[in-house]
Amino acid sequence: MEIYKGTATFAGIAIGKILFYHKNEYQIRQYLVSDIKNELNVFNSARIQVIRQLRELYEKNCTGSPAEAETFQKQARLLEADSFRRAIESVITSQKVNAAYAVTINRDELSSTFRNLEDPFIQERITHIQEISNRLIAVLGGISPKIDLGDQPVILAAENLSPTEIMEMEKEKILGVVTHLGSAVSHTSILAKSMAIPCLVGIQAREEWDGKDVIVDGYTGSLYLDPDREILMEYEMRRQADLKEREELLQLKEVEDITRDGKKIGLYANISNLDDLNSVLYYGAAGIGLFRSEFQYLGRENYPRENELFCAYKKVAETMENRLVVIRTVDLGADKQAEYLDIPDEVNPIMGNRGIRLCLDRKRMFKAQIRAIYRASAYGNLAMMYPMITSEEELDEIEKIIREIKAGLLEKEIPFKEIPVGIMVETPAAVMISRELARRVDFLSMGTNDLTQYTLAMDRQNPLLRGKYNDHHPAIIRMIQMVIASAHQENCRVCICGELAADTRLTEKFLRMGVDDLSVVPVCILPVRKAIREVDLGSL
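Each residue is numbered by its place in its chain's sequence as written, counting from 1. pLDDT decides what is reported in this predicted model: residues at 70 or higher carry local features, side-chain atom pairs at 80 or more are listed and counted, and totals for whole chains, interfaces and linings draw on all residues regardless. Working from all heavy atoms in the structure, the side-chain values ignore hydrogens and water.

Looking at an unreviewed UniProt entry, one finds the chain named Phosphoenolpyruvate-protein phosphotransferase, with Candidatus Blautia faecigallinarum as its source organism. Under the UniProt heading Catalytic activity (unreviewed entry), the entry covering the chain gives this text: "L-histidyl-[protein] + phosphoenolpyruvate = N(pros)-phospho-L-histidyl-[protein] + pyruvate". The chain has a UniProt comment under Cofactor (unreviewed entry) that states "Mg(2+)". UniProt positions are given in the numbering used here, feature names are shortened, and annotations may be inferred rather than shown by experiment.

Take a look at the structure:
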C-alpha cells in the first residue's frame, strides 16, 4: 500500500479502480504534399467537422452548466476566425506539408512562445488553441476524441482536466477525481462539487496506476493506492457511515435554520440556471441568495430581449412563491463573454471592464434587464443586487436609471413592486466604504471568491499559487467582520455568498461575527444547516 497526500477540494469517500486519463499525444509524421489545394480542403473539412462537434457539445451542456459550456462556444468561434485558419493554411502552403503536421507545428510554436506569460487571458487562449488543435489532429488522423470511461464507475486520475473534458464524460460513471494540477476553486473542482463527488488536487498520478484499487479520502486529502485489507475495510465502513450521514442530513430538509440559543439565520442557495430551482426546493433553502443571471447572455448570437428576460425571472418568482429570490444583475466581462458583446481584448480582463462597469457602459442592455426584473417582481418575492460596485458614484448612476424605469412602467400602467436592492462586496474598495454603501441599500452580499483574489493579488485559478492562495487569510476574515459591523450600524443585512459560506469550519465564526444570511450551492445547504443548528451563540 502507498499513501499520497494532496489537497481535498470536496469532501467524501470514494473506493474503486483508477482510470488514468492522459491527453492523447499524437506522433504526427511530416510529409510533403504535391496537391496543396487538396490538402487545404482536407484541413477545412476537418475544421468544419470540429466546429460541428463543439456546437453539439455546447447544446448538450448549455442548460446544466452554462458557464462551462461557453468554453465550447469560444473554441468554435476561434476555429471560425480567419486568423487561426490563415495560420494553418500558411504553413501548409509555404512548407508544402500535410495538414495534421501544420496544425501540430502551429500549436507547439504558440505554446512555446507564450508558455511563460502569466496573463490569464493569454493562457486561456493558448489552452483553447491546444484543445482545438488536438481535436483537429484527431479528426485528421481518424481518431475519435470521445473519452471512454468503460462499463463500471471509476476514480478518474489525470495530470489536469479541463471543464471541456469533464463535460464530455458520462458523469454518473465518475466516483471521484484526482489531478496533479488545479486548485480548490478551479473549474474542475467546482464541477466536482456540483456532482457531489470527492476531488483531490496536487497528487501526481502515474500511468501504471491504471486499473489499480484506490481509496480517495476527500476529508483529509489522502489517496491510498493498493490499500491493504484492513484499510479497505475501515474505509468501506467510513464510506457507509458517510452515506448514512448524508441520509440523515436529508432529515434536515424541513427544519429551521436556527442556532441552539434561538437565533434565526437565513440560509439561501446560489444558482446559475433555471434547472437548479428543483434542488433549491428539495433541500429546503429559504430562497435564492444569488441568482447568476449571465446564463441568458452567454452561448447565443445576440442580446436577450427584455421579454425573454422577464419570462425567466417570472418563472423563478412563481416557482419560489414567497421565498426571496435575489437576482444579481448580469456580471459579464473577464472570462464571461459572448461574441456579440464585442468586448475588446484586455491585458488583465479579471481587473478590467466587467460587472457593473460594463453595464453602465451599455445602458440599453442594463435597462432592459432592470425593467424585466421590476416587471417580474409583481409575481413573487424578488430582490436585485449589483456586482463589482466600488463607488457611490456608480450607485448614483444606477439610481437615476431606476427612477427612469419606474416612471416608464407607471406611465404604461405595468405592475411592479418596490423591491429590496443590494450590492456585492467583492473588492477591497467596497470593504473600505462599506458603511457609506450600506446607507444606500437594503443589504450587502459578500463575494468572497473575488474578494480573496483581489486582496491577496492572486489569481484564484492559477495552479502555481495553490499552496499560497489562502481564503482563510486573516485579512479576509477581518474584512468580513468589518463589513458586518459597518452594515449593522446602518441597519443593513449582510449575506456571505462566496465559496467560504459553504465552509462549515467557519460557520460558527461567521455567526459570532453577526452575519445575517449565508448562501451556498444547493448540495451544501444541509451540511451548513447542520452546522448552524449546532452553534450556541450564548456560550463562550
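Caption draft 1: Looking closely at the overall build of the chain. A tally of regular secondary structure across the chain gives 19 helices and 16 strands. Think of it in three bands: with a 1.4 Å probe and only protein chains considered, a residue is buried below 20% of the maximum accessible area for its type, exposed above 50%, and partly exposed in between. Out of the 540 residues in the chain, the part that is buried amounts to 54%. Long-range contacts, defined as pairs at least 24 residues apart, comprise 70% of the intrachain contacts of the chain with a sequence gap of at least 6. Carbon and sulfur atoms make up 49% of the accessible area of the chain, which totals about 24700 Å². For the purposes of this entry, the term helix denotes a DSSP run of H or I that reaches at least four residues, the term strand denotes a run of E that reaches at least two, and both are numbered from the N terminus. When checking whether two residues touch, look at their non-hydrogen atoms; a contact exists if any pair is within 4.5 Å. The Shrake-Rupley method, run with a 1.4 Å probe, gives the accessible areas here. Residue values count only the displayed protein chains as cover.

Caption draft 2: Seen up close, the packing of aromatic side chains. Working definition: rings of Phe, Tyr and Trp (its six-membered ring) pair if their centres are within 6.5 Å, and the pair is stacked with planes under 30 degrees apart, edge-to-face with planes over 60 apart, and tilted otherwise. Scanning the entire structure with this criterion turns up seven aromatic pairs. Judged by centre distance (5.8 Å) and plane angle (90 degrees), the rings of Y374 and F416 are edge-to-face. Linking Y374 in helix α12 (residues 363-376) with F416 in the loop between α13 (392-411) and β13 (421-425), this pair joins segments that are 42 residues apart in sequence. The exposure classification of Y374 matches that of F416, with both residues buried. Residue placement shows K314 over the ring face of Y379; its charged tip is 4.8 Å from the ring centre. Both a distance and an angle decide whether a charge sits over a ring: NZ of Lys or CZ of Arg must be within 6 Å of the ring centre and within 35 degrees of the ring normal.

Caption draft 3: Region of the structure containing the sheet that holds strand β4 (residues 154-158). DSSP-based pairing: two strands are paired if at least 2 bridges between them are found. The strand order β1-β8-β7-β3-β4-β5-β6-β2 describes an open sheet built from eight strands, whose pairing is mixed. Whereas interior strands pair on both sides, the edge strands pair on one side only; in this sheet they are β1 (2-5) and β2 (7-10). Neighbouring strand axes in the sheet, compared pairwise and without regard to direction, differ in orientation by 30 degrees on average. As paired strands, strand β3 (residues 13-21) and β4 are joined by four bridges and run parallel to one another. Here an axis means a line fitted to C-alpha atoms, over the contact stretch when the element is a helix, while the angle between two N-to-C directions is reported on a 0 to 180 degree scale.

Caption draft 4: Just the UniProt feature "active site" (unreviewed entry) in the chain, in detail. With numbering matched to this structure, UniProt assigns "active site" (unreviewed entry) to H187 and C497. Structurally, C497 can be placed in the loop between β15 (493-496) and α18 (507-513). Apart from residues lying up to four places away in sequence, C497 is in contact with N270, L290, M424, S445, M446, G447 and S519.

Caption draft 5: View of the pattern of salt bridges. Salt bridges, as used here, are contacts in which a Lys or Arg side-chain nitrogen is within 4 Å of a carboxyl oxygen on Asp or Glu. Here the structure, examined in full by the defined rule, presents 30 salt bridges. Ionic pairing is found between K363 and E397, a salt bridge with its closest N-O pair at 2.7 Å. In this pair, K363 is assigned in helix α12 and E397 in helix α13, connecting sequence segments 34 residues apart. In this structure K363 comes out as partly exposed when scored by relative accessible area, which is 31%. Judged by relative accessible area, E397 falls into the partly exposed class, the value being 30%. Of the charged contacts in the structure, one is a salt bridge between R439 and E490, with a shortest N-O distance of 3.3 Å. Here R439 is found in the loop between α15 (434-438) and β14 (443-446), whereas its partner E490 is found in the loop between α17 (474-489) and β15, with 51 residues between them in sequence. Exposure remark for E490: the relative accessible area of 22% places this residue in the partly exposed category.

Caption draft 6: Just the sheet that holds strand β10 (residues 287-292), in detail. Here we have eight strands rolled up into a closed barrel, ordered β9-β10-β11-β12-β13-β14-β15-β16, and parallel in their pairing. Each strand axis lies, on average, 25 degrees off the axis of its neighbour in the sheet, ignoring direction.

Caption draft 7: Summary view of the side chain of K406. Structurally, K406 is set in helix α13. For the purposes of these results, a polar contact is taken to be a pair of N or O atoms within 3.5 Å, where, inside protein, one atom must be able to donate a hydrogen and its partner to accept one; residues adjacent in sequence count only when each atom of the pair is a side-chain atom. Side chain to side chain, K406 and E418 meet in a polar contact 2.6 Å long.

Caption draft 8: View of the packing of α12 against α13. Between α12 and α13, whose axes approach to 10 Å, the crossing angle comes to 55 degrees. Between α12 and α13, the interaxial angle falls into the category oblique. Between α12 and α13 lies a crossing whose hand is right-handed. Residues K363, F366, K367, I370, R371, Y374 and R375 of α12 pack against E397, I398, I401, I402, E404, I405, K406 and L409 of α13. Under this scheme an angle from 65 to 115 degrees is roughly perpendicular, one under 35 degrees roughly parallel, and one over 145 degrees roughly antiparallel; angles in between are oblique. Helix crossings fall into two classes, left-handed where the near helix is turned counterclockwise from the far one by less than a right angle and right-handed where it is turned clockwise.

Caption draft 9: Region of the structure containing the packing of helix α10 (residues 306-320) against α12. The N-to-C vectors of α10 and α12 enclose an angle of 35 degrees; their axes lie 8 Å apart at closest approach. The element α10 and its partner α12 pack so that their crossing is right-handed. Seen from α10, the contacting residues are E306, N307, L309, F310, Y313, K314 and A317; seen from α12, they are A368, Q369, R371, A372, I373, R375 and A376. In the scheme used here, Gly and all other residues not listed as nonpolar or charged are polar, with Ala, Val, Leu, Ile, Met, Phe, Trp, Tyr, Cys and Pro taken as nonpolar and Asp, Glu, Lys and Arg as charged. Residue composition of the contact of α10 with α12, grouped by class: eight nonpolar, two polar and four charged.

Caption draft 10: The state of the cysteines, seen in detail. Criterion for a disulfide: a pair of cysteine sulfur atoms within 2.5 Å. Using the criterion set out here, one finds zero disulfides in the structure. C495 takes part in no disulfide bond, and the closest cysteine sulfur, belonging to C497, lies 5.6 Å away. Judged by relative accessible area, C495 falls into the buried class, the value being 6%.

Caption draft 11: Structural view of the pairing of strand β11 (residues 324-328). Burial runs high along β11: four of the five residues are buried. Two elements, β10 and β11, share four bridges in a ladder whose sense is parallel. When the sheet's bridge partners are listed, I288 is paired in β11 with V325. Here β11 pairs with strand β12 (residues 381-386) via five bridges, running parallel. Along β12, the bridge assignment pairs L324 with N381.

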